[in-house]
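The chain contents come next:
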Amino acid sequence: MKGLNRAEICDQNFIEFVREWEGRVEARPAPSDPVLEGSALDAGSFVELLESQLVSRHLDLMARVLRVQNKVFYTIGSSGHEGNAMVARLTRHTDPAFLHYRSGAFMAERFRKLPGMDPIMDSALSFAASSEDPASGGRHKVWGSKPLWVLPQTSTIASHLPKALGTAVAIEQARRIGHVSPVPDDSIAICSFGDASSNHATAQTAFNAAAWTSYQKLPAPVLFVCEDNGIGISVKTPGGWIERNFSTRQDLDYFYADGLDLASGYGQVQAAVEHCRRTRRPTFLHLRTTRIMGHAGTDFEIEWRPIEELVAVEAGDPLLRSAAIALQSGLYSKDSLLALYEQIRGKCFAAADAADRTPKLTRLDDVIAPLAPYSPAEVMAEATRSGSEDKRLQVFGSAEKLPEAQPPRHLAIQINNALHDLFCKYPEALLFGEDVAQKGGVYTVTKGLHKAFRNSRVFNTLLDETMILGLAQGYANLGMLPIPEIQYLAYFHNACDQIRGEAASLQFFSNNQYRNPMVVRMAGLGYQRGFGGHFHNDNSISALRDIPGLVVGCPSRGDDAATMLRTLAALAKVDGRVSIFLEPIALYMTKDLYEAGDGQWLTGYPAPDQAMVLGEGRVYEQQGEDLVVFTYGNGVPMSLRAAREITRKHGWKVRVVDLRWLVPLNEDFIAAQAKSAKRILVVDEGRHSAGVGEGVITAIAEAGFAARPFQRVVGVDTYTPLAGAALLVLPGDGDIVAAADRLA
Ligand SMILES: Cc1ncc(C[n+]2csc(CCOP(=O)(O)OP(=O)(O)O)c2C)c(N)n1
Ligand SMILES: [Mg+2]
């Protein structure tokens, strides 16, 4: 076999193995009989599983050949993992699946569950980055299918475990809140991953949260499938580690199955699946696999692994074992098996050829179309649609107690009122996070919700932001409206990938077939008097600004908070969007603007038929053209105070523009406001190199107004210190006045 690459050698190995096989042939079993004596697998199922395995293998082989011809753009394969077809066979196509990248055989097998589907052609379209690829529309090679409940996953290993658990929990939660679930009540969530990935923090948090859930006797029907091939790219997993690490965890029920042998593995997989479905307990299936043909087409194992080791691994190819079962059982002769092998190879190449001739993504607009869908009219109609009046009267107490009938109140109260209203309007809304239930949140913003809407809709989670956002994705996957809370902006950062890599990417990578809409509430920004230091006064906004498709709104006053929340919920419902509602902590309780007791930062509660247009800012003193101040959040009241002083000093009419929407920045709105400005000031409480101001300034410059006299007041590139020292690093009223002085 000189001159062959390892893929060609594995291919040859199969053919030679069949040709040279010399075992005893048994009496051919009937389709419903065990394929081999004592096996839980019947002959009919074996025949189909074998075919799924061969489809997967030939897709891999085809990809290796056509990659070099630039007709295929992905070579991470499934070879050695074909045993995962058993998991697909033993579960339903309505069991939501979050799959490892070595899931070719799982997919081929799941494709059988619905008529008229062709796994070979669909995969070929995906490999070829064809715009006709039914999974992602040519955006990525993903395992995904809308009708088959396979939600496409990113390449970030382990990042899908939290949402898989979230989906499992959501299956049960739907029943508790009377939500009509799109999948049957006794569904389970399936989640596969590699042995190396099981060590990842994101995986571990899902295992922990699953156990935490089942320990409390709450259902969490998730099947974690660890496909253990003993290696991660080139790093070996210590022998026995997976069993050692997972077999004795309480509240995570461990099962082992031999994924290299369909005859013995099938009953073992069946036991795990049945256990998960029946007990609704988190189940860990340790599936033995191997890795044939390296990590990917680019991994030339021959360069870094001893040849003896390679040969030994290749000898453990599960398709050789499947071939032996096929021959020994008498279901296939050598000739018929080799004919099947070649027939499937032919189909894969033919599909690849056809896929190569299909259109690719060639227009930018098409590439980004599913990223951030926006239907302004429908969103506004949904945002201004009031919930049931009866429900409101019941929740708020009486017509006199409705929030719009109350005197002006501060931000925290109006957010609280708006959340109560959203809960009246959307029976599928859920609010969860750390301390949000009985306590009503650290700042009492969620006070009363738990009492009014009960534990099934308002609940505390375990302390883990990754898991909070994973749960949110799970609820969203099943059509609920999650409103998770991240207690402080600083603590978003350790879970950021769940939004950046996962939630915000789903519409893009699924060509908008799957959506996980949510409104994430996040308390943040600086200026808390006498409390906190950095982690409670984090002003880092850039981590939110570079997430494609995300919407970030930041209200500075109570009425805006209410109308903005309605729009965010409508964006979720109508367009499936993921958004962040950034609540400036220091303004929660702020009542006064200019002088103590003036009550000028209190606002009335807008009636439920009012909402805010996405991207629209609030303008104070539209006629003010001598100086236009662009700002947001805490910068708004600061700038309004400074404006008074600037008018007194320089006689200028000053306009203050509250951007309100930080992502995406409304560049047209900014340009329109800049156009009539004689001087421009940007007041940005973010950091010098990573705030919002850079975006505002760019918008102004690109609109052609760069020549206007201009100043920026911005935070310093530092962590925020404790107590009074914080005010040294954050912009203050005086800094704004001083900047105006420089402009004068
Ligand atoms: C978070 C993250 N870190 C690193 C990588 C790069 N990477 C891709 S696959 C892989 C190894 C995974 O090994 P394992 O989980 O055992 O799965 P296998 O490939 O063996 O099936 C690594 C390190 C990644 N995709 N995601
Ligand atoms: Mg591995």
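Residues numbered from 1 in each chain as written. Chains lettered and ligands numbered in written order. Predicted model: local features only at pLDDT ≥ 70, side-chain atom pairs only at ≥ 80, totals over all residues. Heavy atoms only, no water.

## So, the site of ligand 1
The full set close to ligand 1 counts 17 residues, and His100, Tyr101, Arg102, Ser197 and Ile231 are the nearest of them. Contact distances for ligand 1 include 2.8 Å between an oxygen atom and a side-chain N or O atom of Asn229. Out of a free accessible area of 580 Å², ligand 1 has 74% covered by protein chains. Along the lines of polarity and charge, the residues of the shell around ligand 1 split into 5 nonpolar, 10 polar and 2 charged. (Near = heavy atom within 4 Å. Polar contact = N/O pair within 3.5 Å; in protein donor to acceptor, adjacent residues only side chain to side chain. Areas by Shrake-Rupley, 256 points an atom, 1.4 Å probe, with all protein chains shown as cover. Nonpolar A, V, L, I, M, F, W, Y, C, P; charged D, E, K, R; others polar.)

## Overview of the coordination of the magnesium ion (ligand 2)
With distances of 2.0 to 2.2 Å, the protein atoms coordinating the magnesium ion (ligand 2) are Asp195 (OD), Asn229 (OD1) and Ile231 (O). If you list the donors of the magnesium ion (ligand 2) from N- to C-terminus, the spacing comes out as D-x33-N-x1-I. Separated by 34 residues along the polypeptide, Asp195 in the loop between β2 (189–194) and α7 (201–215) and Asn229 in the loop between β3 (222–228) and β4 (231–232) bring together distant segments of the chain. Accessibility expressed as a relative area gives 1% for Asp195, which makes it buried. (Donors = N, O, S within 2.8 Å, 3.2 Å for Na, K, Ca; no water. Helix = DSSP H or I, 4+ residues; strand = E, 2+ residues; numbered from the N terminus. Buried < 20%, exposed > 50% of the residue type's maximum accessible area, 1.4 Å probe, protein only.)

## Some words on the pattern of salt bridges
This model, assessed by the stated rule, comprises 47 salt bridges. Here Arg89 makes a salt bridge to Glu48, at a shortest N to O gap of 2.9 Å. Of this pair, Arg89 sits in helix α3 (residues 85–89) while Glu48 sits in helix α2 (residues 43–68); the two residues are 41 residues apart in sequence, bridging distant segments of the chain. For Glu48, a relative accessible area of 31% puts it in the partly exposed group. For the salt bridge of Glu48 with Arg112, the shortest nitrogen-to-oxygen distance reads 4.0 Å. Of this pair, Glu48 sits in helix α2 while Arg112 sits in the loop between α4 (104–110) and α5 (119–127), placing them 64 residues apart in sequence. The network of salt bridges with shared partners includes Lys236, Arg291, Asp299, Glu301, Arg305 and Glu309. (Salt bridge = Lys/Arg side-chain N within 4 Å of Asp/Glu carboxyl O.)

## Concerning helix α10 (residues 307–315)
Buried within α10 are the following residues: Leu310, Val313 and Glu314. When α10 is viewed along its axis, its buried side chains cluster within an angular range of 95 degrees and face the same direction. Those residues of α10 that are exposed and aimed more than 90 degrees away from the buried face are Glu308, Ala312 and Ala315. In this structure, the buried side of α10 is in contact with α1 (6–20) and α11 (318–328). (Arc of directions from axis to C-beta. Contact = heavy atoms within 4.5 Å.)

## Description of a nonpolar patch on the surface
A grouping of Phe300, Ile302, Ile307 and Val311 is seen on the molecular surface, where their side chains present a nonpolar patch of about 360 Å² in accessible area. Looking at the secondary structure, you find Ile307 in helix α10. (Patch = residues over 30% accessible without salt bridge, like charges linked within 9 Å, V, L, I, M, F, W, Y side chains within 5 Å.)

## Points about the pairing of strand β19 (residues 710–715)
Across 6 bridges, strand β18 (residues 680–687) lies against β19 in parallel orientation. Its bridge partner being in β19, Ile680 is matched across the sheet by Phe710. Handedness of the crossover joining β18 and β19 through helix α26 (residues 693–702): right-handed. (Pairing = 2+ DSSP bridges. Right-handed = clockwise from strand over helix to strand, strands pointing away.)

## Observations regarding the sheet that holds strand β9 (residues 458–460)
Strand pairing in a sheet takes place through backbone hydrogen bonds and is either antiparallel or parallel in direction. Here 7 strands make up an open sheet; going across it, the order is β9-β8-β10-β11-β13-β12-β17 and the pairing mixed. Here the strands that pair on one side only, and so sit at the sheet edges, are β9 and β17 (661–663). Each strand of the sheet is rotated relative to its neighbour by a mean of 20 degrees, with strand direction disregarded. Of the strands in this sheet, β8 (429–433), β9, β10 (481–486), β11 (518–524) and β13 (578–584) touch helix α16 (residues 411–425), which is tilted by about 135 degrees from β8. (Axes fitted to C-alpha atoms, helices over the stretch in contact; angles between N-to-C directions.)

## Quick word on the pairing of β13
The buried count for β13 comes to 7 of 7 residues, which makes it a mostly enclosed element. The side-chain alternation of β13 yields two buried faces, one formed by Val578, Ile580, Leu582 and Pro584 and the other by Ser579, Phe581 and Glu583. Across 7 bridges, the pairing between β11 and β13 is parallel. From the neighbouring strand, Arg521 faces β13, where its bridge partner is Phe581. Examined bridge by bridge, strand β12 (residues 551–553) and β13 share 3 bridges and lie parallel to one another. Looking at the pairing, Val552 lines up with Ile580 of β13. Crossover β12 to β13 through helix α23 (residues 558–575) is right-handed.

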